[in-house]
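Remarks on the overall topology
This is what each chain is made of:
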Amino acid sequence: MCAVSDKKSSNACARSYECSNFVPMSIASVYCHPDRTVVSTWDIRENIPILLSLRFAESLSDAWWLGHESLPIPDAVASAAASCADIRIALPHSLFTMLRYPTDPSEASDERMMFEFSMNAPDVRRSTHALATFHGLHGRGATPWDIACAVSTRVLDTGGRISARATIAPSFMAEAMAVQHCKGLNEGATALIGRRADLWETMIVSSTGELIWYTITQDDGTLDHPVQAREVLLDARAAVDTELTSVLVYGDGVTPDTLAACTEGMFGLVQRVARMNPFARVGADVDDDTKRMCIRYAHMLGPVVGQVLSPPWPAFPCASSAAR
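Now for a description of the structure that goes with this document. (Residues numbered from 1 in each chain as written. Predicted model: local features only at pLDDT ≥ 70, side-chain atom pairs only at ≥ 80, totals over all residues. Heavy atoms only, no water.)

1. Overview of the pairing of strand 9 (residues 189-196)
With 7 of its 8 residues buried, strand 9 lies for the most part within the structure. In this structure, strand 9 lies alongside strand 12 (residues 244-251), joined through 7 bridges in parallel fashion. Across the sheet, the residue bridging to Ile193 is Val249, located in strand 12. Looking at chain direction, strand 9 and strand 10 (residues 199-205) are connected through 7 bridges and run antiparallel. Its bridge partner being in strand 10, Arg195 is matched across the sheet by Trp200. Adjacent in sequence and paired antiparallel, strand 9 and strand 10 are bridged by 2 residues, among which Ala197 carries a positive phi angle near 55°. (Buried < 20%, exposed > 50% of the residue type's maximum accessible area, 1.4 Å probe, protein only. Helix = DSSP H or I, 4+ residues; strand = E, 2+ residues; numbered from the N terminus. Pairing = 2+ DSSP bridges.)

What follows is the structure in structure tokens.
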């Protein structure tokens, strides 16, 4: 097995994964970033994801996903969907309504979820949205928190145009699941800190891969990337009792200089700061140019890898409206 490493050597991953028992590609992992669409296909061999192809395609706007634009499905997406048995699509935060709130074990979780939507997002209704609740965030003082997620059925119908077998999920949850493919994590919790378009995403993941905390904040265009990343880390440390030992920086605007400045700014707050590389523990059966592209853009491609072994929470099926 050949991992797509983060080494700078030109032959960092010179040999492809070889397997005499080849199985046709079975999973298409599509990540819809606001600026581009990343389309990949994968095999699973001995429980290890093996990358078979990775292509960049044109971006798909929120209006397209909501059914307000009649643009065609990009060829790369259509081709991957036609060749794979399982199609998993990670969409940006803007296409979901997300709420985080403290809970009481004595409450009925479904009723509490609907109450929170009625108070904070009254446009969300069962007749127009698919809903899900994530239990088990750990706030400071052992307070349990839930995340409620809603997505318009218009988005699911658009996903159904791509394939009736498709599922969609929030990209940040796929990002959190990508941690299991990274190397060199310390004992303790890891904070994933990244900017996507005009939003900062923060996830805290335990050493066993459990999501502990999640938050979204608006980008402040008046502050530099490293300054905002440090502020986000300080907010995350204040939100939970868990000790943070590592930070993985990902998303838009991560350059070597930015990473160096983030490392300097976070000195003393955590033991390690690194660029996100979700390809470190996966295989690759692709050409050298594709491997180099994966290494170059690794910090942007967490959702591509994170949803391969298993769909993240919540994975909404894109079956027809009648089937739902």
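2. Some thoughts on the pattern of salt bridges
Side chains that differ in sign of charge can pair as their charged atoms come close. In the structure shown here, the tally under the stated rule is 10 salt bridges. A salt bridge links Arg45 to Asp285; its shortest N-O distance comes to 3.8 Å. Pair noted here: Arg45 is in strand 2 (residues 36-45) and Asp285 is in the loop between strand 14 (283-284) and helix 8 (288-296), with a separation of 240 residues, a long-range link. Several salt bridges share partner residues, and in doing so they unite Asp43, Arg45 and Asp285 into one network. (Salt bridge = Lys/Arg side-chain N within 4 Å of Asp/Glu carboxyl O.)

3. Observations regarding the side chain of Thr158
Relative to the helices and strands, Thr158 resides in helix 4 (residues 153-162). Of the polar contacts made by the side chain of Thr158, one reaches the backbone oxygen of Trp65; its length is 2.8 Å. Excluding its chain neighbours within four sequence positions, the residues that come into contact with Thr158 are Trp64, Trp65 and Gly67. (Polar contact = N/O pair within 3.5 Å; in protein donor to acceptor, adjacent residues only side chain to side chain. Contact = heavy atoms within 4.5 Å.)

4. Overview of the packing of aromatic side chains
As enumerated under the stated definition, the model contains 5 aromatic pairs in all. Both rings, one in Trp64 and one in Trp65, keep their centres 5.1 Å apart while their planes meet at 85°; by these two values the pair is edge-to-face. With a centroid separation of 4.1 Å and an interplanar angle of 20°, the aromatic rings of Phe172 and Tyr214 are classed as stacked. With Phe172 in helix 5 (residues 171-177) and Tyr214 in strand 11 (residues 211-218), this residue pair connects regions lying 42 residues apart in the sequence. Residue classification places Phe172 among the buried residues on the basis of a relative accessible area of 2%. Residue Tyr214 is classed as buried on the basis of its relative accessible area, which comes to 4%. Of note, Arg100 hangs over the ring of Trp145, and the distance from its end group to the ring centre comes to 5.2 Å. (Phe/Tyr/Trp six-rings, centres within 6.5 Å; stacked < 30°, edge-to-face > 60°. Lys NZ or Arg CZ within 6 Å of the ring centre and 35° of its normal.)

5. Examining the nonpolar core
Judged by nonpolar contacts, the single largest core of 74 residues is most densely connected at Trp65, Ile89 and Ile168. Once you skip the residues sitting within four places of it in the chain, Ile89 turns out to touch Val30, Cys32, Trp65, Ile162, Ala166, Thr167, Ile168, Ala169 and Gln307. The next biggest cluster of nonpolar side chains, apart from the first, holds 17 residues, and it includes Tyr31, Val38, Val286 and Cys294. (Core = buried A, V, L, I, M, F, W, Y, C linked by side-chain atoms within 4.5 Å.)

6. As for unusual backbone geometry
Here the amide bond leading from Trp313 into Pro314 is cis, since omega sits at -20°, within 30 degrees of zero. For Pro314, the location among the structural elements is in the loop between helix 9 (302-306) and strand 15 (316-317). At Glu46, a residue that is not glycine, the phi angle is positive and equals roughly 55°. Unlike most non-glycine residues, Asn47 shows phi in positive territory, near 65°. Within the secondary structure, Asn47 is located in the loop between strand 2 and strand 3 (48-57). What makes Asn47 exposed here is its relative accessible area of 61%.

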